[in-house]
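# Structural overview for review
What follows is the residue order along each chain.
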Amino acid sequence: MATKHEQILKYIEELAVGEKISVRKIAKNLHVSEGTAYRAIKDAEIVGFVSTIKRVGTIRIERKQKDSIEKLTYAEIVNMIDGQVLGGRAGLHKSLNKFVIGAMTVEAMERYTDAGNLVIVGNRVDAQELALERGAAVLITGGFDTVESVKKLADEKELPILSTTYDTFTVGTMINRAIFDQLIKKEVVFVEDILTPLEKTAYLSTSDRVEDWYKKETSTGHSRFPVVNKAMRLSGMITSKDVIDKNLSISIERVMTKNPLTVGPKMSVASVSHMMIWEGIEVIPVVKDDLTLIGIVSRQDILKSLQMIQRQPQIGETIDDTITNQLIEKTTDDVSELDFQFTVTPQMTNNIGTLSYGVFTQIVCDVVQQKLFSLKKRNVAIENISIYFLKPVQMDATIVIKPRILEIGRKAGKIDIELYLEGILVGKAIVACQMMER
């Protein structure tokens, strides 16, 4: 039987998109305490069923799909510009694909305004009506209101009409920055995207015996299995080292590893990769909050997903991209060596005009990654960096970076990095890292 918390989440999920909800309303309709209703609404917000909008309240929204991560919703625009919703509240969950500044005649606006746009105008009623008729939302700058007929039209079309006290230039800059920030995001891959689901997962029960492990190993070709109880909650993990030299009739529960490491479906693949590298594990169970088993992820799954992330196109440019783009491979007399050069641009300096410590650190990290990549070491996790700032590096200076392998093994390595300006040593770093290989 579903708990009250689960019943509330199901109730919220079945509400119509755009419907307004409140703690008191939920508590009254489902006969639960306001505390229970509040916690459920907060969880619903986390999973994307509802959104709390300033001056509007909490509304049921359409759950945002990951493939539209590069888009903004009108609800997010309201928060960003500290705006008010004058009409068309039911359309706040919709996404905009671009914004249009309506500083032109109504006739000219027809050529530039399409469905899914956000038209930024002042107190021009004719321009507001045109935008709504063409399927675009409206943002009125300067703190102006609008007439009732426009508000009614917005409600009919389910297209938001918003108002803000900011001027058009400020609003355009804010929205443009937000769109750019969204565009530079790579798709974040979560455990739920790559896990082997329960129906395809080989697992054992606490009531099974060691002989059942051998049968499972023969039938699947695997040697690591999660162990569950009658309620399908994870009790432990069992591997070949747990059963070696054990009597075949001994219970699995007696030899398994209890309290194993677990991950949740919403944990990022990057976090799981880090965990698997440091703990040296090959398979990790995926569980719900109550430890109900929902699948497993293997080291192979993690490697494939990391390679997929690395192949994705990057739209826009982050600070790290800017630094990496300045890093150029430098030809040396020794073909086995790989040196780099880097030019310090104004945005990479601190308040006194010298190379920023943060940029210095990122340069070191990038050089380590590229040096190890040249040695076919692709999945690198930096464990520790010891940095020595010997001399300040001025703006527009070009430095030479020389990486040197101190020691390297199959899973770990140490690298010495030296930075030179006109032949003088200006910085040094020693980096310890680990590698995740097949």
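Please refer to the structure higher up on the page.
What comes next is a walk through the structure.

Parameters at a glance
Residues numbered from 1 in each chain as written. Predicted model: local features only at pLDDT ≥ 70, side-chain atom pairs only at ≥ 80, totals over all residues. Heavy atoms only, no water. Phe/Tyr/Trp six-rings, centres within 6.5 Å; stacked < 30°, edge-to-face > 60°. Pairing = 2+ DSSP bridges. Helix = DSSP H or I, 4+ residues; strand = E, 2+ residues; numbered from the N terminus. Axes fitted to C-alpha atoms, helices over the stretch in contact; angles between N-to-C directions. Contact = heavy atoms within 4.5 Å. Buried < 20%, exposed > 50% of the residue type's maximum accessible area, 1.4 Å probe, protein only. Polar contact = N/O pair within 3.5 Å; in protein donor to acceptor, adjacent residues only side chain to side chain. Parallel < 35°, antiparallel > 145°, perpendicular 65-115°, else oblique. Nonpolar A, V, L, I, M, F, W, Y, C, P; charged D, E, K, R; others polar. Left-handed = near helix turned anticlockwise from the far one by under 90°. Arc of directions from axis to C-beta. Core = buried A, V, L, I, M, F, W, Y, C linked by side-chain atoms within 4.5 Å.

### Remarks on the packing of aromatic side chains
- If you walk through the whole model with that rule in mind, you get three aromatic pairs.
- Following the ring pairs from residue to residue traces out a cluster consisting of Tyr357, Phe360 and Phe389.

### Topic: the sheet that holds strand β3 (residues 57-60)
- An order of β1-β3-β2 is seen for the three strands of this open sheet, with the pairing classed as antiparallel. Of all the strands in the sheet, the pair left with one neighbour each is β1 (20-21) and β2 (50-53).
- The pairing of β1 with β3 spans two bridges and is classified as antiparallel. Within β3, the position partnered with lysine 20 by the bridge is isoleucine 59.

### Comments concerning the sheet that holds strand β8 (residues 117-121)
- On the basis of which strands lie adjacent, the open sheet formed by five strands has the order β5-β10-β9-β8-β7 and mixed pairing. On the outer flanks of this sheet lie β5 (84-87) and β7 (98-101), each paired with one strand and no other. Within this sheet the neighbouring strands show an average axis-to-axis angle of 25 degrees, counted without direction.
- Bridging between β5 and strand β10 (residues 161-163) involves three bridges; their strand directions are antiparallel. Within β10, the position partnered with glutamine 84 by the bridge is serine 163.
- Sitting on the sheet, helix α7 (residues 148-157) touches β5 and β10, and the angle it makes with β5 is about 90 degrees.

### Examining the side chain of glutamate 418
- In this structure, glutamate 418 sits in strand β22 (residues 412-421).
- With a relative accessible area of 18%, glutamate 418 lands in the buried category.
- Side chain to side chain, glutamate 418 and tyrosine 420 meet in a polar contact 2.6 Å long.
- A distance of 3.1 Å separates a polar atom in the side chain of glutamate 418 from a polar atom in the side chain of lysine 428.
- Dropping the residues within four chain positions of it, glutamate 418 is found in contact with Val400, Ile401, Lys402, Leu425, Gly427 and Lys428.

### What to know about the packing of helix α6 (residues 125-133) against α7
- Where α6 contacts α7, the two axes come as close as 10 Å, and the packing angle between them is 10 degrees. Relative to α7, α6 is oriented roughly parallel. Judged by residue contacts, Val125, Gln128, Glu129, Leu132 and Glu133 of α6 engage Ser149, Val150, Leu153, Ala154 and Lys157 from α7.
- Class assignment for the residues of the contact of α6 with α7 results in five nonpolar, two polar and three charged.

### A look at the pairing of strand β21 (residues 398-408)
- Where strand β19 (residues 339-343) and β21 come together, four bridges link them in antiparallel fashion. Across the sheet, phenylalanine 342 pairs through a bridge with isoleucine 399, a residue of β21.
- Examined bridge by bridge, β21 and β22 share eight bridges and lie antiparallel to one another. Residue pairing in the sheet places isoleucine 408 in a bridge with glycine 413 of β22.
- Connecting the antiparallel pair β21 and β22 is a turn made up of three residues.

### Focus on the packing of helix α15 (residues 319-326) against helix α16 (residues 357-374)
- Viewed as axis vectors pointing N to C, α15 and α16 meet at an angle of 65 degrees, and their least axial separation amounts to 10 Å. With respect to the hand of their crossing, α15 and α16 are arranged in right-handed fashion. Contacts between α15 and α16 pair Asp320, Ile323 and Thr324 from the former with Val359, Gln362, Ile363, Asp366 and Gln370 from the latter.
- The residue inventory of the contact of α15 with α16, partitioned by class, reads three nonpolar, three polar and two charged.

### Digging into helix α4 (residues 74-81)
- For α4, the set of buried residues is Tyr74, Ala75, Ile77, Val78 and Ile81. Buried residues of α4, viewed axially, fall in a sector of 160 degrees; they line one side.
- Within two residues after α4, aspartate 82 carries a phi angle of roughly 55 degrees, on the positive side.

### Looking at helix α13 (residues 269-279)
- All buried positions along α13 are accounted for by Val269, Val272, Ser273, Met275, Met276 and Ile277.
- Taken from the residues just after α13, glycine 280 is the one with a positive phi, measuring 65 degrees.

### Points about the pairing of strand β23 (residues 424-435)
- Bridge count for strand β20 (residues 380-389) against β23 is nine bridges, and the pairing is antiparallel. Note that in β23 the partner of isoleucine 382 across the bridge is cysteine 433.
- Here ten bridges tie β22 to β23, and the two strands are oriented antiparallel to one another. Bridge assignment links leucine 421 to a residue of β23, and that residue is isoleucine 424.

### Notes on the environment of arginine 254
- One can find arginine 254 in helix α12 (residues 252-255).
- Residue classification places arginine 254 among the exposed positions, given a relative accessible area of 68%.

### Notes on the nonpolar core
- Residues Phe342, Leu355, Ile363, Ile399, Ile401 and Ile417 are the most contacted members of the largest nonpolar core, which totals 29 residues.
- Residue contributions to this core peak at seven residues, all from α16.
- With sequence-adjacent residues up to four places away left out, leucine 355 is seen in contact with Val344, Met348, Thr349, Asn350, Phe360, Ile363, Val393 and Ile399.
- Membership of the second largest hydrophobic core comes to 19 residues, among which are Ile59, Leu72, Leu139 and Leu162.

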